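Observations on the model geometry
Listed below are the residues making up each chain.
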Amino acid sequence: MNLGQPAFVAAPLTPDHALATQWLSQFGAALAQLDKPGIRALFDADCHWRDLFAFTWSITPSEGVDNIANLILIKQACVKARDFKLAEGRQGPRRLKRIGVDVLEILFQFETDIGHCYGVLRLLASDPSKAFQLLTSLNELTGFEEQTGKRRPTGAAYSRNFGGTNWQDQRLESQAYNDREPTVLIVGGGQSGLSVAASLVLLGVDTLLIDKYPRIGDSWRKRYHSLALHNITDLNNLPHLPFPPHWPSYLPKDMLGNWLEVYAQTMEINNWTNTELGSATYDESEARWTAVLRNNDGTERTVRPRHLIFANGLVGKPSIPDLPGLKDFKGEVMHTSAFTSGAAWSGKKALVLGTGTSAHDVAQDLHSNGADTTIIQRGSTTVVSIDPSLHLTYALYDGITIDDGDLLSSINTLPVAKRNFKQVSVRMVDLDRKLIDGLIARGFKWDQGEDDTGYQLKIRTRYGGYYLNAGCSDLIVSGDIGLLQFDQIERFAPEGALMKDGSIKPADLLIMGTGYVPQEVVVKELLGTEIAEKVGPVWGIAPDGEMNNMWRRTSQEGLWFVGGSFTNCRIYSRYVAMQIKAIEEGLIPRS
Ligand SMILES: Cc1cc2nc3c(=O)[nH]c(=O)nc-3n(C[C@H](O)[C@H](O)[C@H](O)COP(=O)(O)OP(=O)(O)OC[C@H]3O[C@@H](n4cnc5c(N)ncnc54)[C@H](O)[C@@H]3O)c2cc1C
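What counts as what
Residues numbered from 1 in each chain as written. Predicted model: local features only at pLDDT ≥ 70, side-chain atom pairs only at ≥ 80, totals over all residues. Heavy atoms only, no water. Helix = DSSP H or I, 4+ residues; strand = E, 2+ residues; numbered from the N terminus. Contact = heavy atoms within 4.5 Å. Polar contact = N/O pair within 3.5 Å; in protein donor to acceptor, adjacent residues only side chain to side chain. Pairing = 2+ DSSP bridges. Axes fitted to C-alpha atoms, helices over the stretch in contact; angles between N-to-C directions. Phe/Tyr/Trp six-rings, centres within 6.5 Å; stacked < 30°, edge-to-face > 60°. Buried < 20%, exposed > 50% of the residue type's maximum accessible area, 1.4 Å probe, protein only. Lys NZ or Arg CZ within 6 Å of the ring centre and 35° of its normal.

Before going further, it helps to examine the environment of Thr382. Residue placement: Thr382 occurs in strand 18 (residues 382-385). The spatial distance from the C-alpha of Thr382 to the C-alpha of Lys458 is 8.9 Å, given a sequence separation of 76 residues. When residues no more than four places from it in sequence are discounted, the contact partners of Thr382 are Trp446, Asp447, Gln448, Gly449, Gly454, Tyr455, Lys458, Gly465, Tyr466 and Tyr467. Among the polar contacts listed, one links the side chain of Thr382 to the side chain of Asp447, at a separation of 3.1 Å.

Spatially, the five strands line up as an open sheet ordered 10-9-8-14-25, and their pairing is parallel. In this open sheet, the two edge strands, each paired with only one partner strand, are strand 10 (270-272) and strand 25 (559-561). Neighbour-to-neighbour, the strand axes of the sheet open up by a mean angle of 20°, direction not taken into account. Where strand 8 (residues 184-187) and strand 9 (residues 207-210) come together, four bridges link them in parallel fashion. Considered in strand 9, the bridge of Val184 is made with Thr207. Across the sheet, helix 16 (residues 566-584) lies against strand 8, strand 14 (307-310) and strand 25, angled at about 170° from strand 14, the strand it touches most.

On to the packing of aromatic side chains. Under the definition given, this model contains 24 aromatic pairs. Between Phe84 and Phe110, the aromatic rings sit 4.8 Å apart at their centres with planes inclined by 10°, giving stacked as the arrangement. Remark: Phe110 occurs in strand 5 (residues 101-111) and Phe84 occurs in strand 3 (residues 82-86); sequence separation between them is 26 residues. Classification of Phe84 by relative accessible area gives buried; the value is 11%. Each member of the aromatic cluster is reached from another via a ring pair, and the members are Trp23, Phe27, Phe43, Trp49, Phe55, Phe84, Phe108 and Phe110. Cation over ring: Arg90 sits above Tyr118, and NZ or CZ is 4.4 Å from the ring centre. Here the basic side chain of Lys212 rests over the ring of Tyr213, its NZ or CZ set 5.8 Å away from the ring centre.

Function cannot be read off these values alone, since they describe shape.
Here it is, written out as structure tokens:
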């Protein structure tokens, strides 16, 4: 993966360039003439289109020749897409296999009445006149481009402002919100909130971000001592500002926490820490929220933003089940989110309930610190080793810039994504065969996900139910970490777990790796039942195959949800910012 600028070496035109250009010009001509047969003729029967705000002002998947032709022509009447050509300065056409299909893959650019757009086209290698997949994606709003590079501010407002305010004075004044209301309030200063905030700043949208923790980055700093990210550094870059190139392959949590703080400062993000959203109500007539913010010192302040973005962590609020006999247990009970280190538990006995990523990591940390550790499994779990199996998911980014990789990775609609997950999962299982057999032999309930799609679909459906193995599975296989099944336990007793055979599994500590309550529960608490019911589920797969309420307008005017992996944040934060900018500039309605 190349994080630098692509080399602008004029490549000789190849027959593939000619094929790509021919398809694009026919597509442009058919769109211009609203020629449905012309559009239909350009797609294979097995065809898939995903639009990211270029034609539909939403994230819109579409399948099949008729659906695609109908929808694209309806939208074309408004957006007037034109000037289709190969993307300048980006990856040229390549022949490769995607999702088991031999394709000619093309990155292209085009214009609409709204903005500058990019797209990806996968033509069938066997018949390059037909498209298998199409992505269309808004890149910038015309007239409201990000203020970067040649558009950077002059700095005249504060540089060499003799006798006046300097940059620091103006930043402090801007952050104080003494004389104005923020246009956008972002709740949560983790990677999701920060990446949207940075994108809004670059579009000149007045944005205040709050976090209940004392320092930006604490969401990572407060996690357990041994934590390092599970996928590689390049894939975890935030938008606009990549990590320093000498940073390690897997980032430790404090390094990442510090980076988030630097990011907030460098991207000039107005933020209030020690500040929690208490509640918010929406005034439809004024199209503004009234949000009550509570400082840790006990004071309150009300702000009236037009947009409220929930970036509070899809996995932010611990779920602690009421287990039989738990109140009798004399040892310590702690959720994984409260666990910091196993150092204090050396020589003690620990039970870890759950087999997700955090539960496994905590069990490994306890074991490494000398605790006699047993993991308790409730449901079956997908296990994938971070090396080499997880590397299969990075292949899309091999040899290209991260921007090109992000564009390519945005193309799959759910049916195609499922095909892809299944093919990748089969290869992962091959690579992990020995580990998986060892786990099963120990009595671990392992699964390959719905219809063998592996862990990747589980991320979308439930954000859990899998472990990316950083060594804990090997310790279970070797017996260094014990394994119990939850259904072997009758109830908890003062000394530990009372087993159905009458024996006691003694414990000093019970860690609850039992996950988190869904976002809709948090929404209900903070915004009330009416809004929570209007909006419905957040995350999980929506009826159209996209993620419920994520990154696009919701049925509650002015309410947005962001979250997910670093890759999700990097890719989707800019679309959220562009939608809000477009609403504020009157280009699209608020809902
Ligand atoms: C062991 C482990 C390894 C992981 N490895 C990776 C990886 O390699 N790559 C990857 O992409 N992801 C990884 N993840 C997933 C990652 O943690 C989450 O995706 C990420 O934390 C989500 O970021 P976020 O900004 O949405 O939420 P969070 O990081 O949870 O941040 C939410 C913020 O909102 C604040 N907040 C919540 N409620 C309020 C309120 N009412 N008022 C004010 N502030 C509030 C919180 O204080 C917090 O700072 C890993 C997770 C774990 C546990």
